[in-house]
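Close look at the chain arrangement
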Amino acid sequence: MDFRETEDHSALRKAVGDIADQFGSDYYVAHAESRTPTTDLWKRLGELGYLGINLPEEYGGGGAGMTELTIVCEETAAHGNPLLLLLVSAAISGEVITEFGSDAQRSRWLPSLADGSSKVVFAITEPDAGSNSHRISTTAVKDGDGYLISGQKYYISGVDEADAILVVTKTGTDSAGRAKMSLFVVDADAPGLTRQHLPVSVTLPEKQFTLYFDNVRVGNDRLIGTEGDGFKQIFQGLNPERITGAAICVGIGRFALERAAAYANNRTVWGASIGTHQGVSHALAKSKIEIELAALMTMKAAWLHDQGEPAGDASNMAKYAAAEAAIGAIDAAIQVHGGNGLSTEMGLLPYWGLARLLRIAPVSREMILNHVAQHSLGLPRSY
Amino acid sequence: MNIAVCVKQIPDPAAPWSLDPSTHNLVREGKLILDDSDAYGVEMALQLVDKAGAGEVTLVSMAPRNETSGLRTGLAMGAAKAILVTDDQLAGSDALSTAKVLAAAIATTEFDLVIAATESTDGYTGTTPVQIAELLGLPSVSFAKKVEIDGSVVKVDRQTEAGYDEVICPLPALVTVTAGVVEPRYPSFKGIMSAKSKPVVTLSLADLGLVGAAGGAVAGQEIVSVQKAEARQAGVIVEDDGTGAQQLVEYLEQLKFV
Ligand SMILES: Cc1cc2nc3c(=O)[nH]c(=O)nc-3n(C[C@H](O)[C@H](O)[C@H](O)COP(=O)(O)OP(=O)(O)OC[C@H]3O[C@@H](n4cnc5c(N)ncnc54)[C@H](O)[C@@H]3O)c2cc1C
């Protein structure tokens, strides 16, 4: 067992943190408030090879793994600039295309994901299929030398910033009546695909959309992997999505506690700094412990994934723990700031919104508890 | 065009610093990082070598405990190699000792130009670079805000209180650069990964033939005492009731600024 961080990882943390610092948390907050993408930061990180860090070198990536992508997610967030689309573009789409894409598909999509010049976002959620993805009804039907896709997705993040969308479709039904799934990369501007902005009240730079697929034609070259194997294939991407989601939460937690500790040391109400009051300091100490624990589990999950070991349990637990810890930390930070905690100038609320979102997405707290109860504890399936 | 850049590895300014209560020296126990003010020198050197089309940048540093974290940052930015002088006898060195060590280390490599920062962020002595130049018998130009190589000379815009001097100086030479001379690049991931395979030559005082000539034991300077900076007084708040400008002018007159 060796918990020391390697020099490479320390250098990576510092470089990414410095880049995020150059933009600063004000940059993130202003973009979140105005709902505009943080494109300049994304481009900067892409040019320097940090967005494609987990992608193979032969396709322009960094040749590293989930551990390194986790560091990128954590450090950008810890320096006030969480990047939600890393979850879908770098983690899910990047991993799935690398693992199951043909050589031609990899050559087509990975280099521009790696250098940050394009994004491939991810669409699985439907109005009648969120936690229960077996119920998806967006179908792809074989037609000549391609497929026709019809149906509806919603809450899909970043479609306006993306060149393409990795879409989970139904191409049949198994004997148990569940969807047989297939994955397609669909151009964001494909004829027959329309999108409608779906407003959410958490302040995020990234927008969500409802997507309507009306006989959208895709060639066979857009099918990723094997028809009907989609469900198994997305699992390759779902663990990374949970791990990177956890990493963003750990980063938000660190950011919140740093802000809170600085404020608690400086703000005086009764003659001594408010950090003197245990009612204040214990809340922060508790959050600190929870964030550190979540960070450990997140790193373990990333390590397991990189080793090719089963990472489902650890990824789920990390995502659960980190989202809970982040919500606790940012809430404590807001409380420490008193009324200022809610001010636009202090800019804490956008981080609370993102942490709160990550308790629901990409997989909800309850579904993780279901998984742990059933798979780690051997309790009966509850649904 | 080969350039040696003096780089200091210092305690992270973002972390709390402390002074040793008996020696009054800065405690350098934790991990050290590349001094931000040296990142400008590294960047300047990289750009000059790039323009020249040939040559390489060598980092030269003196640091305790074989510390290379800061050097790795410079190597990740693009420097080709590093020379690190590390020796327990160097603890408590004064500026002249440091200059002797760095000069001897620089002399082990080929160079046309030596670049240093005007002063370090943790020491602020600001004397080491010119001492190095003197020891190496080089002309030195300090406070450069613009540096260009033109054949066998270096052309420097040298910051002064009144504006700047245009200086032309034969090579080899030593130039100290101010913050802002160029915008330091951020290391890329490829840069970080390649940094670890770049050579770092570690030298001791004995390797440099400086035992007894440099180090804490022969320091000619001693920090006798340290006083806390006086807490700042609250400023004067001028409320503008229409006479604000007048009040400001009077205040500045009182301080003899105008
Ligand atoms: C801002 C935002 C961005 C998003 N981005 C994307 C995206 O880019 N791509 C994408 O595909 N999706 C995206 N989503 C969708 C997100 O992944 C889903 O909202 C999430 O998976 C939950 O699904 P649902 O909303 O349908 O909730 P439901 O499945 O309807 O669940 C509702 C509630 O019931 C609970 N519940 C459900 N089943 C059980 C059970 N068996 N036991 C206990 N509790 C249960 C859930 O935990 C939840 O609390 C995004 C959502 C938001 C809000």
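Residues numbered from 1 in each chain as written. Chains lettered and ligands numbered in written order. Predicted model: local features only at pLDDT ≥ 70, side-chain atom pairs only at ≥ 80, totals over all residues.

Digging into the overall build of chain B
Threshold: Helix and strand definitions here come from DSSP, where helices need a minimum of 4 consecutive H or I residues and strands a minimum of 2 consecutive E residues; each element is numbered from the N-terminal end. Around each residue's C-beta, the other C-beta atoms within 10 Å are counted; 20 or more make the residue buried, 12 or fewer make it exposed, and counts in between make it partly exposed. All C-beta atoms are placed from the backbone. Contact between residues is assigned whenever the C-beta positions, reconstructed from backbone atoms, fall within 7 Å.
Scanning chain B for helices and strands turns up six helices and 11 strands. Referenced to the eigenvectors of the C-alpha coordinate spread, the extents of chain B come out at roughly 65 × 50 × 40 Å. Counting the 258 residues in chain B, one finds 39% classified as buried. In chain B, the proportion of contacts linking residues at least 24 apart, taken out of those at least 6 apart, comes to 71%.

Focus on the overall build of chain A
Applied cut-off: Atoms counted for the radius of gyration: C-alpha only. Globule rule: 2.2 Å times the number of residues to the power 0.38.
Counting secondary structure elements, chain A contains 10 helices and eight strands. A globule of 383 residues ought to have a C-alpha radius of gyration of about 21 Å, and chain A, at 21 Å, matches this closely. Oriented by its inertia axes, the alpha-carbon framework of chain A measures out at about 80 × 50 × 45 Å. Scored against the burial criterion, the 383 residues of chain A give a buried share of 50%. Considering only intrachain contacts with a sequence separation of at least 6, the fraction spanning at least 24 residues in chain A is 72%.

Side note on the interface of chain A and chain B
Stated formally: When residues are sorted by character, Ala, Val, Leu, Ile, Met, Phe, Trp, Tyr, Cys and Pro go into the nonpolar class, Asp, Glu, Lys and Arg into the charged class, and all the rest, Gly among them, into the polar class.
Listed as interface residues are 13 residues of chain A and, on the opposing side, 12 residues of chain B. Considered class by class, the residues forming the side of chain A that touches chain B number seven nonpolar, three polar and three charged.

Notes on the packing of helix 8 (residues 312-336) of chain A against helix 9 (residues 349-360) of chain A
Residues and elements named next belong to chain A. Just so we agree on the cut-off: Inter-axis angles, ranging from 0 to 180 degrees, are taken between N-to-C directions of lines fitted to C-alpha atoms, where helices are fitted over the stretch in contact. Reported orientations rely on four angle classes, namely roughly parallel under 35 degrees, roughly antiparallel over 145, roughly perpendicular from 65 to 115, and oblique for the rest. Crossings are classed by handedness, with left-handed meaning an anticlockwise turn of the near helix from the far one by less than a right angle and right-handed meaning a clockwise turn.
Closest axis-to-axis distance for the helix 8/helix 9 pair is 9 Å, and the angle between their directions is 155°. If you check the angle between helix 8 and helix 9, you find them roughly antiparallel. Between helix 8 and helix 9 lies a crossing of left-handed hand. From helix 8, Ala323, Ala326, Ile327, Ile330, Asp331 and Ile334 reach across to helix 9, where they touch Tyr351, Trp352, Ala355, Arg356, Leu358 and Arg359. In terms of residue class, the contact of helix 8 with helix 9 is built from nine nonpolar, no polar and three charged.

Observations concerning the site of the ligand
Residue and element names in this part refer to chain A. Short version of the rule: For each residue, a C-beta atom is placed from the backbone, and the residue is labelled near a molecule or strand when this atom is within 6 Å of it. The domain limits used here are those given by an automatic or database domain assignment.
As a structural note, the neighbourhood of the ligand is formed by 23 residues, with Thr125, Gly130, Ser131, Ser364 and Glu366 the closest of them. Among the elements of the structure, strand 1 (120-123), strand 3 (146-157), helix 9 and helix 10 (365-376) are those that each provide at least two residues to the shell around the ligand. Counting contributing residues, the shell around the ligand receives three or more from each of domain 2 (121-226) and domain 3 (232-376).

Structural notes on the sheet that holds strand 1 (residues 3-6) of chain B
Residues and elements named next belong to chain B. Worth spelling out the cut-off: Here a strand pair is declared whenever DSSP counts at least two bridges between the two strands.
The strand order across the open sheet formed by nine strands is 9-8-7-10-6-1-4-5-11, and the pairing between neighbours is mixed. Each edge of the open sheet carries a strand with a single partner, namely strand 9 (164-170) and strand 11 (200-203). Geometrically, the sheet is characterised by an average inter-axis angle of 30° between neighbouring strands, direction not taken into account.

Let's talk about the nonpolar core
To be explicit about the condition: Here, a nonpolar core means buried Ala, Val, Leu, Ile, Met, Phe, Trp, Tyr and Cys residues linked by C-beta atoms lying within 7 Å of one another.
Membership of the largest hydrophobic core comes to 195 residues, with the highest contact counts inside it found for Ile165, Cys249 and Ile330 of chain A. Beyond its immediate sequence surroundings of up to four residues, Cys249 of chain A is in contact with Ala294, Ala322, Ala323, Ala325, Ala326, Ala355 and Leu358 of chain A.

Some remarks on helix 10 of chain A
Counted only if it meets this: Helices are assigned an expected span. That span is 1.5 Å times one less than the residue count.
Helix length check: helix 10 of chain A (12 residues) gives 15 Å between terminal C-alpha atoms against 16 Å at 1.5 Å per residue, within 8%. Two residues or fewer past helix 10 of chain A, Gly378 of chain A is found with a positive phi of approximately 70°.

What about the packing of helix 1 (residues 7-34) of chain A against helix 2 (residues 69-77) of chain B?
Two elements in contact, helix 1 of chain A and helix 2 of chain B, have axes whose closest approach is 11 Å; the angle formed by their N-to-C orientations is 65°. With respect to their mutual orientation, helix 1 of chain A and helix 2 of chain B come out roughly perpendicular. At the point where helix 1 of chain A passes helix 2 of chain B, the crossing takes the right-handed sense. Listed contacts from helix 2 of chain B to Glu7, Ser10 and Ala11 of chain A of helix 1 of chain A are Ser69, Arg72, Thr73 and Ala76 of chain B. Counted by class, the contact of helix 1 of chain A with helix 2 of chain B contains two nonpolar, three polar and two charged residues.

So, the domain arrangement of chain A
All names here are of chain A. Examined at the domain level, chain A breaks down into domain 1 (7-119), domain 2 (121-226) and domain 3 (232-376). Listed per partner, the contact involves 22 residues of domain 1 and 18 residues of domain 2. Per-element accounting of the side of domain 1 that touches domain 2 gives the leading share, eight residues, to helix 4 (residues 85-100). Tallied by class, residues from the side of domain 1 that touches domain 2 come to 11 nonpolar, eight polar and three charged.

Points about the pairing of strand 5 (residues 179-187) of chain A
Residues and elements named next belong to chain A. A large share of strand 5 lies buried, amounting to seven of its nine residues. Inspection of the sheet shows strand 4 (residues 164-173) paired to strand 5 by nine bridges, in the antiparallel sense. By the bridge assignment, Val168 is partnered in strand 5 with Leu183. With antiparallel pairing between neighbouring strands as the criterion, strand 4 and strand 5 make up a hairpin whose turn holds five residues, including Gly177 at a positive phi of roughly 85°.

Some words on helix 9 of chain A
All names here are of chain A. In this model helix 9 runs 17 Å from its N-terminal to its C-terminal C-alpha over 12 residues, within 8% of the 16 Å that 1.5 Å per residue would give. Within the span of helix 9, buried status applies to Pro350, Tyr351, Trp352, Leu354, Ala355 and Leu358. Buried positions along helix 9 lie against helix 1, helix 6 (230-266) and helix 8.

Some thoughts on unusual backbone geometry
Here the residue pair Ala361 of chain A and Pro362 of chain A is connected by a cis peptide bond, since its omega of -5° sits within 30 degrees of zero. Following Leu171 of chain B, the chain continues to Pro172 of chain B via a peptide bond in cis, the omega torsion being -5°. Even without being a glycine, Tyr155 of chain A presents a positive backbone phi close to 60°. Owing to 18 C-beta atoms within 10 Å, Tyr155 of chain A belongs among the partly exposed residues under this scheme. In the Ramachandran plot, Asn215 of chain A falls in the positive-phi region, its phi being about 50° despite a non-glycine side chain. In this structure, Asn215 of chain A sits in strand 7 (residues 208-219).

Notes on the environment of Leu204 of chain A
All names here are of chain A. Residue placement: Leu204 occurs in the loop between strand 6 (193-197) and strand 7. Taking the C-alpha atoms as reference points, Leu204 and Ala30, 174 residues apart in sequence, are found 9.8 Å from one another. Setting aside chain neighbours within four positions, we find Leu204 in contact with Ala32, Leu84, Gly353 and Leu354.

Digging into the environment of Gly209 of chain B
All names here are of chain B. Following the sequence through the fold, Gly209 ends up in the loop between strand 11 and helix 6 (244-254). Judged by local crowding, Gly209 falls into the exposed class, with 9 C-beta atoms found within 10 Å. When the C-alpha atoms of Gly209 and Asp36 are compared, they prove to be 31 Å apart, with 173 residues separating the residues in sequence.

Digging into the environment of Pro191 of chain A
Residue and element names in this part refer to chain A. Within the secondary structure layout, Pro191 lies in the loop between strand 5 and strand 6. A tally of 10 C-beta atoms within 10 Å means that Pro191 is categorised as exposed. Along the chain, Pro191 and Met181 lie 10 residues apart, while their C-alpha atoms are 22 Å from each other.

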